[in-house]
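Here is how the chains run, residue by residue.
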Amino acid sequence: MQGFAELLKTHSAPGRIEWIGLRSERKADLRSVENANVELDGLAGDHARPGKRALTLIQAEHFPVIAALCGHEVILPEVLRRNVVISGINLTALRHNRLRLGPCEIEFTAPCAPCSRMEAALGKGGYNAMRGHGGWCAQILKPGRIAIGDTLEVIRD
């Protein structure tokens, strides 16, 4: 029988990078890229916040929920302003673990709360639709280069 600590590190499969976005400056539109260099202070070419908010990730499976709560059929990743969209693994279940994102190592630091811009981007109620679905902020522990299709998984000690 598995212990609780082992259960917390067990997932049916690794996650997968579905989308990567960069913004050249604060409030700029995000531009989709196939790959990006991950540096200690965030993605190269992105207006990131070094340290605990160097990278933002969001769960692809939350997009339909956010869309439904806003009355939209589809929400595009650029609208939600996160750097990396991940599918196939529960991001919240990964908190308090060292993670491998492609060749990089990261650690979630805090939930990525929606900003007031979501009301304008998604329409009335957009801010509240994002609450609990905004993804995670992460710090970079080991830099490298990520690409669409790379995996996200727990680093086992």
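Note on numbering: residues in each chain are counted from 1, in written sequence order. The model is predicted, so local features are restricted to residues of pLDDT at least 70 and side-chain atom pairs to those at 80 or more, both for listing and for counting; the totals for chains, interfaces and linings are taken over all residues. To obtain the side-chain values, all non-hydrogen atoms of the structure were included, while hydrogens and water were left out.

This part is about the overall build of the protein. Each helix and strand counted, the protein has five helices and eleven strands in total. A globule of 157 residues ought to have a C-alpha radius of gyration of about 15 Å, and the protein, at 15 Å, matches this closely. By principal-axis analysis of the C-alpha atoms, the protein measures approximately 45 × 35 × 25 Å. Counting every position in the protein, which comprises 157 residues, the buried fraction comes to 41%. Pairs of residues are marked as contacts when any of their non-hydrogen atoms sit within 4.5 Å. For the protein, restricting intrachain contacts to residue pairs at least 6 apart in sequence, the fraction spanning at least 24 positions comes to 74%. For the protein, the accessible area works out to roughly 8300 Å², and carbon and sulfur atoms hold 51% of it. If you average the places of the 20 positive and of the 17 negative side-chain charges in the protein, the two averages end up 6 Å apart. Going along the chain from the N terminus, every DSSP run of H or I of four or more residues is numbered as a helix, and every run of E of two or more is numbered as a strand. We compute the radius of gyration over the C-alpha atoms and compare it with the globule rule, which gives 2.2 Å times the number of residues raised to the power 0.38. Exposure classes here rest on a 1.4 Å probe applied to the protein chains alone. A residue is buried below 20% of its type maximum, exposed above 50%, and partly exposed in between. To be clear on the numbers: accessible area is Shrake-Rupley with a 1.4 Å probe, and residue cover counts the displayed protein chains and nothing else. Positive: Lys, Arg. Negative: Asp, Glu. His and the chain ends are not part of the count. In this description, the location of a charge corresponds to atom NZ of lysine, CZ of arginine, CG of aspartate or CD of glutamate.

Leu57 and Ile106 are the most contacted members of the largest nonpolar core, which totals 26 residues. At the level of elements, strand S1 (15–22), strand S3 (35–39), strand S5 (55–59), strand S6 (84–87), strand S7 (98–101), strand S8 (104–111), strand S9 (136–142) and strand S11 (151–154) are the ones that each hand at least two residues to this core. The residues touching Ile106, leaving out its near neighbours within four places in the chain, are Leu55, Leu57, Asn97, Arg98, Leu99, Leu101, Ala138, Gln139, Ile140, Leu141 and Leu152. Counting 14 residues, the second largest nonpolar core, distinct from the first, contains Ile75, Leu80, Val85 and Met118. By convention a nonpolar core is built from buried Ala, Val, Leu, Ile, Met, Phe, Trp, Tyr and Cys residues, the set being connected through side-chain atoms within 4.5 Å.

A word on the pattern of salt bridges. Salt bridge, as used here: a side-chain nitrogen of Lys or Arg that lies within 4 Å of a carboxyl oxygen of Asp or Glu. In this structure the tally under the stated criterion is four salt bridges. The salt bridge involving Glu105 is made with Arg98; its shortest N-O contact spans 2.3 Å. For Glu105, a relative accessible area of 12% gives the class buried. Residue classification places Arg98 among the partly exposed positions, given a relative accessible area of 39%. One salt bridge connects Glu105 with Arg100, and the closest N-O pair in it is separated by 3.8 Å. In this structure Arg100 comes out as partly exposed when scored by relative accessible area, which is 30%. Sharing partners across several salt bridges, the network here consists of Arg98, Arg100 and Glu105.

Here the focus is the environment of Thr56. Residue placement: Thr56 occurs in strand S5. According to the relative accessible area criterion, Thr56 is buried, its value standing at 7%. Here the alpha-carbon distance between Thr56 and Glu105, two residues 49 residues apart in the chain, equals 14 Å. Look past the residues within four positions of Thr56 in its chain and what remains in contact with it is Arg81, Arg82, Asn83, Val84, Cys112, Trp136 and Cys137. A polar side-chain atom of Thr56 sits 2.9 Å from the main-chain amide nitrogen of Asn83. Side-chain atoms alone can form a polar contact between residues adjacent in sequence; in general such a contact is a pair of N or O atoms within 3.5 Å, and within protein one must be able to donate a hydrogen while the other accepts it.

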